[in-house]
Amino acid sequence: MDLTGKVALVTGAAQGIGRSFSEALLRHGAKVALLDLNMSAGEACKKALDGEFDAASSLFIACDVGAEEELKCAFKKTIELFGSLDIVCNNAGINNEHNWEQTINVNLTSMIRGTYLALDYMSKENGGKGGVIVNMASLAGIFPAAHGPVYTATKHGVVGFTRAIAATSKLLDYGVRINTICPAFVDTPLLNSVNQEQMMGRYYIFKDTVKKLIQHYGILDPSLIVQGLMKILQEEELNGAVMKITKSKGIHFEIYETALIQPEVK
Ligand SMILES: NC(=O)C1=CN([C@@H]2O[C@H](COP(=O)(O)OP(=O)(O)OC[C@H]3O[C@@H](n4cnc5c(N)ncnc54)[C@H](O)[C@@H]3O)[C@@H](O)[C@H]2O)C=CC1
Ligand SMILES: CC/C=C\C[C@H](O)/C=C/C=C\C=C\C=C\C(=O)[C@@H](O)C/C=C\CCC(=O)O
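Please read these numbers as outputs of a predicted model, since none were measured by experiment.

A word on the pattern of salt bridges
Then step 1. The full count for this structure, using the stated rule, is 11 salt bridges.
Then step 2. Across the pair lysine 46 and aspartate 50 runs a salt bridge, and its minimum N-O distance is 2.9 Å. Of this pair, lysine 46 and aspartate 50 both sit in helix α2 (residues 39–50), four residues apart, which is roughly one turn of the helix.
Then step 3. Between lysine 231 and glutamate 235 there is a salt bridge, with its nearest N and O atoms 2.9 Å apart.
Then step 4. Connected through salt bridges with shared partners, the residues Glu68, Glu69, Lys72 and Arg113 form a single ionic network.

Right, here's the structure in full:
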(Lines give C-alpha, C1' and ligand atoms only; values in the text may rest on other atoms or scores of the structure.)
(Ligands and ions follow the chains in the order given, each with its own letter.)
Protein backbone atom coordinates (compact mmCIF):
# COMPACT_ATOMS: atom_id res chain seq x y z
CA MET A 1 0.00 0.00 0.00
CA ASP A 2 1.39 3.41 -1.03
CA LEU A 3 0.67 5.49 2.06
CA THR A 4 0.84 8.86 0.28
CA GLY A 5 -2.45 10.64 0.92
CA LYS A 6 -3.95 7.68 2.78
CA VAL A 7 -5.95 8.39 5.95
CA ALA A 8 -5.16 6.54 9.17
CA LEU A 9 -6.83 6.53 12.58
CA VAL A 10 -4.66 5.49 15.54
CA THR A 11 -6.00 4.97 19.06
CA GLY A 12 -3.69 5.49 22.02
CA ALA A 13 -1.64 7.77 19.75
CA ALA A 14 -0.29 10.21 22.35
CA GLN A 15 2.60 8.04 23.52
CA GLY A 16 4.28 4.68 23.26
CA ILE A 17 3.60 2.39 20.32
CA GLY A 18 0.68 4.49 19.07
CA ARG A 19 2.83 7.60 18.84
CA SER A 20 5.52 5.67 16.99
CA PHE A 21 2.89 4.36 14.58
CA SER A 22 1.56 7.88 14.00
CA GLU A 23 5.01 9.36 13.34
CA ALA A 24 5.81 6.60 10.85
CA LEU A 25 2.49 6.97 9.02
CA LEU A 26 3.00 10.74 8.72
CA ARG A 27 6.58 10.18 7.53
CA HIS A 28 5.21 7.95 4.75
CA GLY A 29 2.82 10.69 3.61
CA ALA A 30 -0.38 9.58 5.30
CA LYS A 31 -2.81 11.79 7.20
CA VAL A 32 -3.40 10.66 10.78
CA ALA A 33 -6.20 11.08 13.32
CA LEU A 34 -4.60 10.83 16.74
CA LEU A 35 -7.06 9.52 19.32
CA ASP A 36 -6.18 9.48 23.00
CA LEU A 37 -7.77 9.72 26.45
CA ASN A 38 -4.91 11.86 27.72
CA MET A 39 -5.65 15.42 26.56
CA SER A 40 -2.36 16.99 27.67
CA ALA A 41 -0.23 14.19 26.23
CA GLY A 42 -2.27 14.26 23.03
CA GLU A 43 -1.89 18.00 22.57
CA ALA A 44 1.83 17.77 23.30
CA CYS A 45 2.16 14.96 20.76
CA LYS A 46 0.28 16.98 18.13
CA LYS A 47 2.48 20.03 18.79
CA ALA A 48 5.62 17.94 18.40
CA LEU A 49 4.35 16.33 15.18
CA ASP A 50 3.45 19.78 13.79
CA GLY A 51 7.11 20.69 14.24
CA GLU A 52 8.09 17.91 11.83
CA PHE A 53 5.08 17.46 9.54
CA ASP A 54 2.38 19.64 7.92
CA ALA A 55 -0.08 20.56 10.68
CA ALA A 56 -2.94 19.84 8.27
CA SER A 57 -1.81 16.20 8.06
CA SER A 58 -2.81 15.29 11.59
CA LEU A 59 -5.70 15.87 13.96
CA PHE A 60 -5.72 15.20 17.69
CA ILE A 61 -9.09 14.04 18.97
CA ALA A 62 -9.53 13.64 22.72
CA CYS A 63 -11.38 10.34 22.95
CA ASP A 64 -12.00 7.63 25.52
CA VAL A 65 -12.20 4.57 23.27
CA GLY A 66 -14.12 2.90 26.09
CA ALA A 67 -16.99 5.34 25.57
CA GLU A 68 -19.07 4.21 22.58
CA GLU A 69 -20.33 7.64 21.54
CA GLU A 70 -16.87 9.21 21.86
CA LEU A 71 -15.34 6.57 19.60
CA LYS A 72 -18.15 6.89 17.07
CA CYS A 73 -17.74 10.68 17.10
CA ALA A 74 -13.98 10.43 16.62
CA PHE A 75 -14.42 8.25 13.51
CA LYS A 76 -17.01 10.73 12.18
CA LYS A 77 -14.71 13.73 12.79
CA THR A 78 -11.87 11.91 11.02
CA ILE A 79 -13.90 11.28 7.87
CA GLU A 80 -15.38 14.81 7.98
CA LEU A 81 -11.91 16.37 8.04
CA PHE A 82 -9.89 14.03 5.83
CA GLY A 83 -12.69 12.79 3.55
CA SER A 84 -11.94 9.06 3.77
CA LEU A 85 -10.47 6.27 5.89
CA ASP A 86 -7.92 3.66 4.80
CA ILE A 87 -6.09 2.40 7.90
CA VAL A 88 -7.25 1.86 11.51
CA CYS A 89 -4.86 0.89 14.32
CA ASN A 90 -6.81 -0.24 17.39
CA ASN A 91 -3.79 0.21 19.61
CA ALA A 92 -5.01 1.74 22.89
CA GLY A 93 -4.61 -0.65 25.80
CA ILE A 94 -4.10 -0.79 29.54
CA ASN A 95 -2.71 -3.26 32.05
CA ASN A 96 -4.96 -2.95 35.11
CA GLU A 97 -5.71 -6.12 37.03
CA HIS A 98 -7.29 -4.13 39.87
CA ASN A 99 -9.92 -2.46 37.70
CA TRP A 100 -10.11 -5.48 35.44
CA GLU A 101 -13.49 -4.53 34.05
CA GLN A 102 -11.90 -1.39 32.59
CA THR A 103 -9.14 -3.51 31.08
CA ILE A 104 -11.75 -5.62 29.29
CA ASN A 105 -13.56 -2.50 28.13
CA VAL A 106 -10.47 -0.79 26.73
CA ASN A 107 -8.45 -3.74 25.42
CA LEU A 108 -11.25 -5.91 24.04
CA THR A 109 -14.65 -4.23 23.81
CA SER A 110 -13.22 -1.02 22.32
CA MET A 111 -11.03 -2.96 19.88
CA ILE A 112 -14.11 -4.84 18.64
CA ARG A 113 -16.10 -1.59 18.38
CA GLY A 114 -13.17 0.11 16.60
CA THR A 115 -13.02 -2.76 14.12
CA TYR A 116 -16.76 -2.56 13.40
CA LEU A 117 -16.62 1.23 13.03
CA ALA A 118 -13.70 0.84 10.64
CA LEU A 119 -15.68 -1.69 8.58
CA ASP A 120 -18.70 0.67 8.56
CA TYR A 121 -16.56 3.18 6.65
CA MET A 122 -14.09 0.98 4.75
CA SER A 123 -15.94 -2.20 3.78
CA LYS A 124 -16.93 -2.54 0.13
CA GLU A 125 -20.20 -3.97 1.51
CA ASN A 126 -20.99 -0.42 2.71
CA GLY A 127 -19.74 1.34 -0.41
CA GLY A 128 -16.25 1.78 0.98
CA LYS A 129 -13.01 1.27 -0.92
CA GLY A 130 -11.45 -1.29 1.40
CA GLY A 131 -8.51 -0.81 3.77
CA VAL A 132 -6.42 -2.31 6.55
CA ILE A 133 -7.13 -2.78 10.26
CA VAL A 134 -4.36 -3.59 12.76
CA ASN A 135 -5.43 -4.72 16.23
CA MET A 136 -2.76 -4.56 18.89
CA ALA A 137 -2.53 -7.71 20.98
CA SER A 138 0.58 -8.93 22.87
CA LEU A 139 2.53 -12.10 23.36
CA ALA A 140 0.11 -12.43 26.27
CA GLY A 141 -2.39 -13.06 23.50
CA ILE A 142 -0.64 -16.35 22.83
CA PHE A 143 1.06 -17.26 26.09
CA PRO A 144 -0.65 -16.96 29.51
CA ALA A 145 0.91 -14.26 31.73
CA ALA A 146 0.36 -15.36 35.34
CA HIS A 147 0.91 -11.76 36.44
CA GLY A 148 -1.96 -10.60 34.26
CA PRO A 149 -4.76 -13.11 33.77
CA VAL A 150 -7.35 -10.54 32.70
CA TYR A 151 -4.85 -8.75 30.45
CA THR A 152 -4.07 -12.19 28.99
CA ALA A 153 -7.78 -12.86 28.44
CA THR A 154 -8.25 -9.56 26.60
CA LYS A 155 -5.24 -10.14 24.37
CA HIS A 156 -6.30 -13.72 23.59
CA GLY A 157 -9.62 -12.13 22.66
CA VAL A 158 -7.91 -9.65 20.34
CA VAL A 159 -6.16 -12.53 18.56
CA GLY A 160 -9.27 -14.69 18.32
CA PHE A 161 -11.59 -11.91 17.19
CA THR A 162 -9.09 -10.61 14.62
CA ARG A 163 -8.53 -14.04 13.08
CA ALA A 164 -12.30 -14.64 12.90
CA ILE A 165 -13.33 -11.24 11.50
CA ALA A 166 -10.51 -11.50 8.96
CA ALA A 167 -12.07 -14.77 7.76
CA THR A 168 -15.48 -13.03 7.65
CA SER A 169 -13.98 -10.19 5.62
CA LYS A 170 -12.51 -12.64 3.12
CA LEU A 171 -15.72 -14.68 2.82
CA LEU A 172 -17.91 -11.60 2.35
CA ASP A 173 -15.34 -9.74 0.21
CA TYR A 174 -15.20 -6.65 2.43
CA GLY A 175 -11.94 -5.63 0.78
CA VAL A 176 -10.48 -5.03 4.27
CA ARG A 177 -7.43 -6.88 5.61
CA ILE A 178 -7.45 -7.36 9.38
CA ASN A 179 -4.32 -8.50 11.26
CA THR A 180 -2.95 -8.49 14.80
CA ILE A 181 0.47 -7.77 16.27
CA CYS A 182 1.72 -9.61 19.39
CA PRO A 183 4.85 -7.92 20.74
CA ALA A 184 6.83 -9.07 23.74
CA PHE A 185 7.88 -6.34 26.19
CA VAL A 186 8.22 -2.92 24.55
CA ASP A 187 9.97 0.18 25.92
CA THR A 188 6.93 2.32 26.69
CA PRO A 189 5.33 3.77 29.86
CA LEU A 190 2.99 0.76 30.00
CA LEU A 191 5.82 -1.37 31.33
CA ASN A 192 5.89 0.81 34.43
CA SER A 193 2.51 -0.63 35.41
CA VAL A 194 4.49 -3.53 36.88
CA ASN A 195 5.64 -1.20 39.68
CA GLN A 196 2.15 0.13 40.40
CA GLU A 197 0.13 -1.81 42.96
CA GLN A 198 -3.00 0.09 41.87
CA MET A 199 -2.51 -1.50 38.46
CA MET A 200 -1.24 -4.95 39.35
CA GLY A 201 -3.81 -5.45 42.11
CA ARG A 202 -3.60 -8.88 43.73
CA TYR A 203 -0.72 -9.76 41.33
CA TYR A 204 1.59 -7.09 42.69
CA ILE A 205 3.26 -10.01 44.46
CA PHE A 206 4.65 -10.92 41.04
CA LYS A 207 6.41 -7.57 40.67
CA ASP A 208 9.92 -8.95 41.02
CA THR A 209 9.11 -12.04 38.94
CA VAL A 210 7.88 -9.90 36.06
CA LYS A 211 10.97 -7.72 36.29
CA LYS A 212 13.09 -10.88 35.95
CA LEU A 213 10.93 -11.96 32.98
CA ILE A 214 11.48 -8.58 31.34
CA GLN A 215 15.20 -8.77 32.02
CA HIS A 216 15.36 -12.32 30.62
CA TYR A 217 13.38 -11.72 27.45
CA GLY A 218 14.57 -8.17 26.85
CA ILE A 219 12.80 -4.98 25.93
CA LEU A 220 11.91 -4.12 22.34
CA ASP A 221 12.23 -0.65 20.87
CA PRO A 222 8.92 0.68 19.49
CA SER A 223 10.64 1.13 16.12
CA LEU A 224 10.54 -2.66 15.66
CA ILE A 225 6.78 -2.66 16.19
CA VAL A 226 6.60 0.06 13.54
CA GLN A 227 8.47 -2.26 11.19
CA GLY A 228 5.78 -4.85 11.89
CA LEU A 229 3.04 -2.35 11.06
CA MET A 230 4.74 -1.36 7.81
CA LYS A 231 5.13 -5.04 6.84
CA ILE A 232 1.39 -5.56 7.35
CA LEU A 233 0.54 -2.45 5.31
CA GLN A 234 2.87 -3.37 2.46
CA GLU A 235 2.27 -7.13 2.18
CA GLU A 236 -1.22 -7.29 0.73
CA GLU A 237 -1.53 -11.07 1.15
CA LEU A 238 -1.58 -10.66 4.93
CA ASN A 239 -5.07 -11.13 6.35
CA GLY A 240 -5.87 -12.85 9.65
CA ALA A 241 -2.14 -12.99 10.39
CA VAL A 242 -0.86 -13.18 13.98
CA MET A 243 2.46 -11.36 13.92
CA LYS A 244 4.79 -11.99 16.88
CA ILE A 245 7.69 -9.66 17.67
CA THR A 246 10.38 -10.77 20.12
CA LYS A 247 14.01 -10.02 20.88
CA SER A 248 14.98 -13.60 20.09
CA LYS A 249 13.20 -14.03 16.75
CA GLY A 250 12.28 -10.52 15.62
CA ILE A 251 9.20 -10.33 13.42
CA HIS A 252 7.64 -13.74 12.80
CA PHE A 253 4.20 -15.32 12.67
CA GLU A 254 2.21 -17.78 14.76
CA ILE A 255 1.39 -20.81 12.66
CA TYR A 256 -1.98 -22.47 13.26
CA GLU A 257 -3.35 -25.76 12.04
CA THR A 258 -5.83 -25.50 9.17
CA ALA A 259 -8.83 -23.38 10.08
CA LEU A 260 -12.33 -24.79 10.46
CA ILE A 261 -14.11 -25.47 7.18
CA GLN A 262 -15.81 -22.15 6.56
CA PRO A 263 -19.52 -22.01 5.58
CA GLU A 264 -20.20 -21.50 1.91
CA VAL A 265 -21.66 -18.04 1.34
CA LYS A 266 -24.60 -18.43 -1.08
N1 LIG B 1 4.51 -1.93 26.20
C2 LIG B 1 4.49 -3.26 26.06
O3 LIG B 1 5.33 -4.00 26.63
C4 LIG B 1 3.47 -3.91 25.20
C5 LIG B 1 2.30 -3.24 24.83
N6 LIG B 1 1.38 -3.90 24.07
C7 LIG B 1 0.11 -3.26 23.69
O8 LIG B 1 0.41 -2.14 22.85
C9 LIG B 1 -0.63 -1.16 22.96
C10 LIG B 1 -0.02 0.20 23.24
O11 LIG B 1 0.63 0.09 24.48
P12 LIG B 1 1.85 1.02 24.90
O13 LIG B 1 2.16 2.00 23.82
O14 LIG B 1 2.92 0.14 25.41
O15 LIG B 1 1.18 1.75 26.15
P16 LIG B 1 1.26 3.24 26.68
O17 LIG B 1 0.61 3.19 28.03
O18 LIG B 1 2.63 3.77 26.55
O19 LIG B 1 0.33 4.06 25.68
C20 LIG B 1 -1.03 3.75 25.60
C21 LIG B 1 -1.77 4.99 25.16
O22 LIG B 1 -3.15 4.65 25.12
C23 LIG B 1 -3.89 5.66 25.78
N24 LIG B 1 -5.13 5.12 26.32
C25 LIG B 1 -5.28 4.33 27.41
N26 LIG B 1 -6.58 4.11 27.65
C27 LIG B 1 -7.28 4.79 26.70
C28 LIG B 1 -8.64 4.96 26.41
N29 LIG B 1 -9.59 4.43 27.19
N30 LIG B 1 -8.98 5.72 25.34
C31 LIG B 1 -8.03 6.28 24.56
N32 LIG B 1 -6.71 6.17 24.79
C33 LIG B 1 -6.35 5.42 25.84
C34 LIG B 1 -2.97 6.21 26.85
O35 LIG B 1 -3.36 7.52 27.24
C36 LIG B 1 -1.63 6.16 26.14
O37 LIG B 1 -1.35 7.35 25.46
C38 LIG B 1 -1.55 -1.67 24.09
O39 LIG B 1 -2.67 -2.31 23.52
C40 LIG B 1 -0.69 -2.70 24.83
O41 LIG B 1 -1.47 -3.69 25.47
C42 LIG B 1 1.56 -5.20 23.64
C43 LIG B 1 2.71 -5.88 23.98
C44 LIG B 1 3.75 -5.27 24.75
C1 LIG C 1 3.68 -6.09 32.60
C2 LIG C 1 3.71 -5.44 31.28
C3 LIG C 1 2.37 -5.50 30.67
C4 LIG C 1 2.13 -5.75 29.39
C5 LIG C 1 3.26 -5.95 28.44
C6 LIG C 1 2.97 -7.09 27.49
O7 LIG C 1 1.78 -6.91 26.79
C8 LIG C 1 2.91 -8.40 28.21
C9 LIG C 1 3.69 -9.40 27.82
C10 LIG C 1 3.57 -10.69 28.50
C11 LIG C 1 4.43 -11.69 28.29
C12 LIG C 1 5.61 -11.53 27.44
C13 LIG C 1 6.45 -12.61 27.24
C14 LIG C 1 7.61 -12.47 26.38
C15 LIG C 1 8.20 -13.61 25.86
C16 LIG C 1 9.29 -13.44 24.88
O17 LIG C 1 9.81 -12.36 24.72
C18 LIG C 1 9.73 -14.60 23.98
O19 LIG C 1 11.03 -14.37 23.53
C20 LIG C 1 9.72 -15.96 24.62
C21 LIG C 1 8.41 -16.56 24.54
C22 LIG C 1 7.89 -17.19 23.47
C23 LIG C 1 8.55 -17.15 22.10
C24 LIG C 1 7.86 -18.11 21.15
C25 LIG C 1 7.84 -17.53 19.77
O26 LIG C 1 8.36 -16.41 19.60
O27 LIG C 1 7.29 -18.18 18.85
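From this point, things continue past the structure.
So, the nonpolar core
In a soluble, globular protein the nonpolar side chains are often hidden away together inside.
Then step 1. One finds Phe21, Leu25, Ile181 and Ile225 to be the most contacted residues of the largest nonpolar core, which totals 70 residues.
Then step 2. Ranked by residue count, the leading element in this core is helix α4 (residues 100–122), at seven residues.
Then step 3. Formed by five residues, the second largest nonpolar core is a distinct cluster that contains Val194, Met200, Val210 and Ile214.

Brief notes about the site of ligand 2
Then step 1. Residues in close proximity to ligand 2 total 18 residues, the closest being Ser138, Tyr151, Ala184, Lys244 and His252.
Then step 2. Contacts to ligand 2 include serine 248, whose side-chain N or O atom sits 3.4 Å from an oxygen atom.
Then step 3. Contact between ligand 2 and lysine 249: an oxygen atom at 3.5 Å from a side-chain N or O atom of the residue.
Then step 4. About the coverage of ligand 2: the protein hides 87% of its 700 Å² of free accessible area.

Re the pairing of strand β4 (residues 87–90)
Then step 1. Burial along β4 is two-sided: the face carrying Ile87 and Cys89 and the face carrying Val88 and Asn90 are both buried.
Then step 2. Relative to β4, strand β1 (residues 7–11) runs parallel, the two sharing three bridges. When the sheet's bridge partners are listed, valine 10 is paired in β4 with cysteine 89.
Then step 3. With four bridges joining them, β4 and strand β5 (residues 131–136) adopt parallel strand pairing. In the strand pairing of β5, valine 88 is matched with isoleucine 133.
Then step 4. On the question of chirality, the crossover connecting β4 to the parallel β5 by way of α4 is right-handed.

Overview of the site of ligand 1
Then step 1. Taken together, 29 residues are adjacent to ligand 1, and Asp36, Asn91, Tyr151, Val186 and Thr188 come closest.
Then step 2. In this structure, a nitrogen atom belonging to ligand 1 sits 2.9 Å away from a side-chain N or O atom of aspartate 64.
Then step 3. Threonine 188 has a polar side-chain atom sitting 2.5 Å from an oxygen atom of ligand 1.
Then step 4. Contact with the protein chains hides 94% of the accessible area of ligand 1, taken as 830 Å² for the molecule alone.
Then step 5. Of all elements in the fold, only α1 (16–27) and α5 (149–171) reach the threshold of two or more residues within the shell around ligand 1.
Then step 6. Broken down by class, the residue content of the shell around ligand 1 amounts to 18 nonpolar, eight polar and three charged.

What to know about the packing of α1 against helix α8 (residues 222–234)
Then step 1. Orientation of α1 relative to α8, taken along the N-to-C sense of each, is 55°, at an axis distance of 9 Å. On the basis of the axis angle, α1 is oblique to α8. Considering how the two elements wind past one another, α1 and α8 form a crossing that is right-handed. In contact with Ile17, Ser20, Phe21, Ala24 and Leu25 of α1, α8 contributes Pro222, Ile225, Val226, Leu229, Met230 and Leu233.

Brief notes about the sheet that holds β5
Then step 1. Taken together, the eight strands give an open sheet; going across it, the order is β3-β2-β1-β4-β5-β6-β7-β8, and neighbouring strands pair in mixed fashion. Edge positions in the open sheet fall to β3 (58–62) and β8 (250–253), since each of these has one partner strand only. Each strand of the sheet is rotated relative to its neighbour by a mean of 20°, with strand direction disregarded.
Then step 2. Running over the sheet, α1 touches β1, β2 (31–36), β3, β4, β5 and β6 (176–183) and is turned about 170° from β1.

So, how was this worked out
- Residues numbered from 1 in each chain as written.
- Chains lettered and ligands numbered in written order.
- Predicted model: local features only at pLDDT ≥ 70, side-chain atom pairs only at ≥ 80, totals over all residues.
- Heavy atoms only, no water.
- Salt bridge = Lys/Arg side-chain N within 4 Å of Asp/Glu carboxyl O.
- Helix = DSSP H or I, 4+ residues; strand = E, 2+ residues; numbered from the N terminus.
- Core = buried A, V, L, I, M, F, W, Y, C linked by side-chain atoms within 4.5 Å.
- Buried < 20%, exposed > 50% of the residue type's maximum accessible area, 1.4 Å probe, protein only.
- Near = heavy atom within 4 Å.
- Polar contact = N/O pair within 3.5 Å; in protein donor to acceptor, adjacent residues only side chain to side chain.
- Areas by Shrake-Rupley, 256 points an atom, 1.4 Å probe, with all protein chains shown as cover.
- Pairing = 2+ DSSP bridges.
- Right-handed = clockwise from strand over helix to strand, strands pointing away.
- Nonpolar A, V, L, I, M, F, W, Y, C, P; charged D, E, K, R; others polar.
- Axes fitted to C-alpha atoms, helices over the stretch in contact; angles between N-to-C directions.
- Parallel < 35°, antiparallel > 145°, perpendicular 65-115°, else oblique.
- Left-handed = near helix turned anticlockwise from the far one by under 90°.
- Contact = heavy atoms within 4.5 Å.

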